[in-house]
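# Commentary on secondary and tertiary structure
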Amino acid sequence: MRLKKVLLLSGALILSVAVFFLNAATKNIDLETSFLQHLRTLCTVLSFVALTAYLQIVKRERPRGIVQGIGSIAVVTGGFLAIYLIISLLPLKGFETRDLTLFPRDYQTIFFSSVFSIVAGLFAVTSLLFIKDLVLYKRKKTTFRNFVLLIIAILTAAASQLFSKPLQESVASGIFIGIAVLLIVMNSFRLAWIAYLPRKEKIYALLYSLLSFFGFLVILIIFSQEAGGAEKGIHYYSAALYTFVQLTTIFGAVYFGMSFISTLFHLPTAEAFDRKQTEISSLHNLSRLITQVFDLKDLAETATKMTTEVVQATSVWLEIIPTEGSFHKSGVMSRRNIGQEEIDAILTGDRLSVRSIVCESRKVLMIDDVGSDKRTRHLPRMKKAGSLLIVPLLSHQQVIGILYATKEIEYGFDQDDVDILSGFADQVAIAIENARLIERSFEKERLQRELMLAQEMQKRLLPQDLPVFATVDMKAVSSPALEVGGDYYDYVHINDRLVGVVVGDVSGKGVGAAFYMAEVKGIFQSLAKIFPSPKEFMINANEALVSSIDKRSFISLIYATIDTVSGELVVARAGHCPMLYVTETSTEYIRPQGLGLGMKTGGIFSGTIEEKKITMKSGDVCVFYTDGVTESRSTEGEEFGYERLLDVVVANRHRGAEEIKEAIIQTVWQYTDAQGYHDDLTIFVIKWR
Amino acid sequence: MSEFKVTIRPRDNNIHVLELKGYLDAHTTPVLEDAFQQMLNEKKYRLIVNCRELTYISSAGLGVFMAFIEDVRANTGDIKLSDMTPKVFNIFDLLGFPMLYDIVPAEEEAAHKFGNNA
């Protein structure tokens, strides 16, 4: 690129020098249409082509903004005028006119004519390049075409003079110049860039356009003066160049004249345009924030900051109203340029407050004059709040927050502000909703971990293995419906012969039930050894529980002591499912009377409790279970019930405790069609070998 | 999800009947709780719970009766239960409810038991 630049520049220089020497050599000769004249024309054209290419590269390397571009043109026209002034002040002898041809009187005239012509060419090309940027801003298909047509027209008009004498005027070139001027006017309406300038830049654009306009105008006037000296130099140098520069100057003058007037008319709306721009960028920023800010506080700060910017409010604050189940407190989350006391003062008056009006209507409330509006005139006078704009943040038709903005002056807000803030409020509402969802999912995850921990803990409350005896085969299983449950089974060695086994069910499910279950475990382990009689145990367990248990909760328990030598089994039942007893010859649900634990104190409870005694023989099976078994439902909604339980145990009576337990689970599982147990479920099988 | 509904129907002698319908479990107990609370707020303590259309009651459902019985009886009223299906009665019976509550086959009988002294 650098090499290309050097080549182009040096090429242009060499050609220009060549032209100079040709001119010097033929100072007093009319070349007419000789070979030398053609050579001179060729060199001139080539040198300008090289210069144009060079300028294009240089300009592309340093891209400028719109306003900078216009500024550059102003500088270029200024520079050109300065050089013109200097050259016209030089004591040059000028030209002699003979037969429409110019003959320089001395060599200095030739030299400075060349210099000035090249400068004029540079000026014209540079101006065109900059104007091209302006014309083609936000281009349409036709824009580019029109501009290219203009350039072609200018070049054709210039080219038609390539072979004519310096002062000769032809009809053809006149027509081309006319076409070029027409296209200049057409292209001068392309001023799309003005609308997109911020107000401050518009003022600069106005100034630069004016300067450029006058610059071009002055140049145009100079060029059209017959008496002038320097422009004759261009005529002498190349009549085509003269036409080119002249047309370019007309273009510049017309274009910047138009742009000056147009910018002037755009100025009054510049502020509105700026505001739309700010609004768009604020909305854009906010949309971006939605995906980035998970912290509600940060979000609120951003929202109030942007609101202040967008509607130029004196003070802004954002109130968050928590939805049900939210972890956030209600209140002002972020405020700008206003104290909490002032906010409280504005929102006083309970049911009649502006706040409740917005909450109820769920619509934007605009108060033009706080002092005289009937909804706010009872409020104490406040300097900061002349007018008030209140926007509800809605999510699923619920008010989840309120955005307030005030201005010092009355009638400070207009319909535009309402529209802007409404759109804004929607975005903020989504962002708040997002932040809340994320927080909730974090919280949920934390609770899930806690529950898993509770599940682990509860599993440890159940015996890992049941004791093994020569006479009694015992197996048990417990499966909670949720992570943790209220089912319980356990055993205790009372003495060498006696073992106590228990199955219980705390009312309800989940964490609450799990706590009581842990308490039952403690009570069982401590009391069972002290009170070997199941009835005595139940009465004492009830005493221990009744004081600590919630009055709508209770615990059902079935407790039996088994003599591992004699086979005697004593069972007491406190509101629990009856024990299933299957022998070779009989099947029976053993159901001694008894209230659930924790329902009634002392006397009433002990009066209800009974004991039953059986003696287990070889092959006999006893099954303890919770209502999760009998109340399991099929897909048709029918309960598993006592009959099916009895059937499956009878069918598997001859098998070991483990197999009986598995058979029950499998049967229940098939019955419920594997849709998962609805309730906590526990099975405890005792088989006399 | 199973539905549960309570209908309150006033009777003679300042007695109010709560007709239960459907499946009473941990999810639906608030409905029954609200009904009892309403009765207490209106100082109506002579209550019959008609269980004719009650298809199931869980331990949480049983807990509701225990939560309110003390307040009702403290105001010389009672909660009597009637018209249970055998299956529902079995659930009440397992826990020993018949030892604490008047459970009778028919609503008329429960009303009769309240007597005439309103």
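Placed above this text is the structure.
Going along each chain's sequence as written, the residues are numbered from 1 onward. Just so you know, chain letters begin at A and ligand numbers begin at 1, following the order they were written in. Residue-level local features of this predicted model are given only where pLDDT is at least 70; pairs of side-chain atoms are given and counted only at 80 or more, and the full residue set underlies all totals for whole chains, interfaces and linings. Excluding hydrogens and water, the side-chain figures rest on all heavy atoms present in the structure.

## Focus: the overall build of chain B
Let me state the cut-off plainly: Elements are defined by DSSP. Helices are runs of H or I of four residues or more, strands are runs of E of two residues or more, and each kind is numbered from the N terminus. The contact rule is simple, with two residues in contact once any of their heavy atoms fall within 4.5 Å. The Shrake-Rupley method, run with a 1.4 Å probe, gives the accessible areas here. Residue values count only the displayed protein chains as cover.
A tally of regular secondary structure across chain B gives four helices and five strands. Taken from N to C terminus, the helices and strands of chain B fall in the order β-β-α-β-α-β-α-β-α. Long-range pairs, those at least 24 residues apart, make up 67% of the contacts in chain B with a sequence separation of at least 6. Element-wise, carbon and sulfur atoms account for 49% of the exposed surface of chain B, whose accessible area totals about 5400 Å².

## Re the overall build of chain A
To keep it simple, the criterion reads: We call a residue buried when its accessible area falls under 20% of the maximum for its residue type, exposed when it is over 50%, and partly exposed in between, using a 1.4 Å probe and counting protein chains only.
What chain A contains, in helices and strands, is 19 helices and 17 strands. Counting every position in chain A, which comprises 689 residues, the buried fraction comes to 50%. In chain A, the share of contacts with a sequence separation of at least 24, taken over all contacts with a separation of at least 6, comes to 72%.

## Points about the interface of chain A and chain B
The criterion, for reference: Buried area: the accessible area, evaluated with a 1.4 Å probe, that two parts lose upon being put together, summed over both parts. We define a salt bridge as a side-chain nitrogen of Lys or Arg found within 4 Å of a carboxyl oxygen belonging to Asp or Glu. Distance and chemistry together define a polar contact, namely a pair of N or O atoms within 3.5 Å, with one atom able to donate a hydrogen and the other to accept it when in protein, and with adjacent residues in sequence counting only for side-chain atoms on both sides.
Taken together, the contact pairs 25 residues of chain A with 18 residues of chain B. When the two sides are added together, the surface that chain A and chain B hide from each other amounts to roughly 1900 Å², 58% of it contributed by carbon and sulfur. Sorting the residues of chain A by area buried against chain B places Lys551, Arg552 and Arg591 of chain A first, and these three jointly supply 31% of that buried surface. The interface formed by chain A and chain B contains two salt bridges. One salt bridge connects Asp93 of chain B with Arg591 of chain A, and the closest N-O pair in it is separated by 2.6 Å. Across the chain A-chain B interface, the total number found is nine residue pairs in polar contact (both at pLDDT 80 or more).

## Brief notes about the pattern of salt bridges
Counted according to the given criterion, the structure contains 27 salt bridges over all chains. The salt bridge partner of Arg449 of chain A is Glu445 of chain A, with a shortest N-O separation of 4.0 Å. Of this pair, Arg449 of chain A and Glu445 of chain A both sit in helix H13 (residues 415–461), separated by four residues, roughly a single helical turn. Across the pair Lys80 of chain B and Asp102 of chain B runs a salt bridge whose closest N-O atoms are separated by 2.8 Å. Here Lys80 of chain B, found in strand E4 (residues 78–82), pairs with Asp102 of chain B, found in strand E5 (residues 102–104); they are 22 residues apart in sequence, far enough to count as distant. One continuous salt-bridge network, built from bridges that share partners, spans Arg9, Arg11, Asp12, Glu19, Glu107 and Glu108 of chain B.

## A short note on the pairing of strand E3 (residues 46–57) of chain B
Residues and elements named next belong to chain B. The following threshold applies: At least two DSSP bridges between two strands are required for those strands to pair. Clockwise travel from the first strand over the helix to the second, with the strands pointing away from the viewer, marks a crossover as right-handed.
With nine of its twelve residues buried, E3 lies for the most part within the structure. Bridge count between strand E2 (residues 16–24) and E3: eight bridges; the pairing is parallel. From the neighbouring strand, Tyr23 faces E3, where its bridge partner is Tyr56. For the crossover from E2 across helix H1 (residues 29–41) to E3, the handedness is right-handed. Relative to E4, E3 is paired through five bridges, and the arrangement is parallel. Within E4, the residue paired with Arg46 across the bridge is Asp78. Taken together, E3, helix H2 (residues 59–74) and E4 constitute a β-α-β crossover, and its handedness is right-handed.

## Points about helix H14 (residues 510–530) of chain A
Residues and elements named next belong to chain A. Short version of the rule: Expected helix span is taken as 1.5 Å per residue step, with the number of steps being one fewer than the number of residues.
In this model, H14 (21 residues) spans 31 Å end to end at C-alpha, consistent with the 30 Å of a helix rising 1.5 Å per residue. Those residues of H14 lying buried are Gly510, Ala513, Ala514, Tyr516, Met517, Val520, Lys521, Ile523, Phe524, Leu527 and Ala528. On its buried face, H14 is in contact with H13, strand E9 (487–493), strand E10 (498–506), helix H15 (534–546) and strand E11 (555–563).

## Description of a nonpolar patch on the surface
Applied cut-off: Patch building starts from residues that exceed 30% relative accessible area and form no salt bridge, then joins like charges within 9 Å and nonpolar side chains (Val, Leu, Ile, Met, Phe, Trp, Tyr) within 5 Å.
Together, Phe144, Val148, Leu149 and Ile152 of chain A line one region of the surface with nonpolar side chains, adding up to about 320 Å² of accessible area. Positionally, Val148 of chain A belongs in helix H5 (residues 141–159).

## Comments concerning the sheet that holds strand E14 (residues 587–590) of chain A
Residue and element names in this part refer to chain A. Defined as follows: In this description, a line fitted to the C-alpha atoms serves as the axis of each element, helices being fitted only across the stretch in contact, and the angle between N-to-C directions of two axes falls anywhere from 0 to 180 degrees.
Pairing is antiparallel in the open sheet, where five strands are placed in the order E8-E17-E16-E13-E14. The outermost strands of the open sheet, each flanked by one partner alone, are strand E8 (472–479) and E14. Within this sheet the neighbouring strands show an average axis-to-axis angle of 15 degrees, counted without direction. Both strand E13 (residues 579–582) and strand E16 (residues 621–625) contribute to a ladder of three bridges, which runs antiparallel. Each bridged residue has a counterpart across the sheet, and for Leu580 the counterpart in E16 is Val623.

## Regarding helix H10 (residues 296–311) of chain A
Residue and element names in this part refer to chain A. Between its terminal C-alpha atoms H10 stretches 22 Å, which fits the 22 Å expected from 16 residues at 1.5 Å a residue. For H10, the full list of buried residues reads Leu296, Leu299, Ala300, Thr302, Ala303, Thr304, Met306, Thr307, Val310 and Val311. Its side-chain oxygen placed 3.3 Å from the backbone nitrogen of Lys297, Asp295 serves as the N-cap of H10. Once H10 ends, the next one or two residues include Gln312, with phi positive near 50 degrees.

## Here we look at the packing of helix H4 (residues 107–135) of chain A against H5 of chain A
Between two packed helices, both the angle of their axes relative to each other and the distance between the axes serve to describe the pair. Residue and element names in this part refer to chain A. Counted only if it meets this: Relative orientations are named as follows: roughly parallel for angles under 35 degrees, roughly antiparallel for angles over 145 degrees, roughly perpendicular for angles from 65 to 115 degrees, and oblique for any other angle. Two helices cross in a left-handed way if the nearer one is turned anticlockwise from the farther one by less than a right angle. They cross in a right-handed way if the turn is clockwise. Gly falls in the polar group here, along with every residue not listed as nonpolar (Ala, Val, Leu, Ile, Met, Phe, Trp, Tyr, Cys, Pro) or charged (Asp, Glu, Lys, Arg).
Where H4 meets H5, the closest approach of the two axes is 11 Å, and the angle between their N-to-C directions is 160 degrees. Between H4 and H5, the interaxial angle falls into the category roughly antiparallel. Handedness of the crossing formed by H4 with H5: right-handed. Between H4 and H5, the residues in contact are Leu128, Lys132 and Val135 and Thr143, Phe147 and Ile151, respectively. For the contact of H4 with H5, the class distribution of residues is four nonpolar, one polar and one charged.

## Topic: the pairing of E16 of chain A
All names here are of chain A. Buried residues dominate E16, accounting for five of its five residues. Of the two faces of E16, the one lined by Val621, Val623 and Tyr625 and the one lined by Cys622 and Phe624 are each fully buried. Of the strand pairs in this sheet, E16 and strand E17 (residues 681–688) are connected by five bridges, and their pairing is antiparallel. Paired with Tyr625 across the strands is Ile683, a residue of E17.

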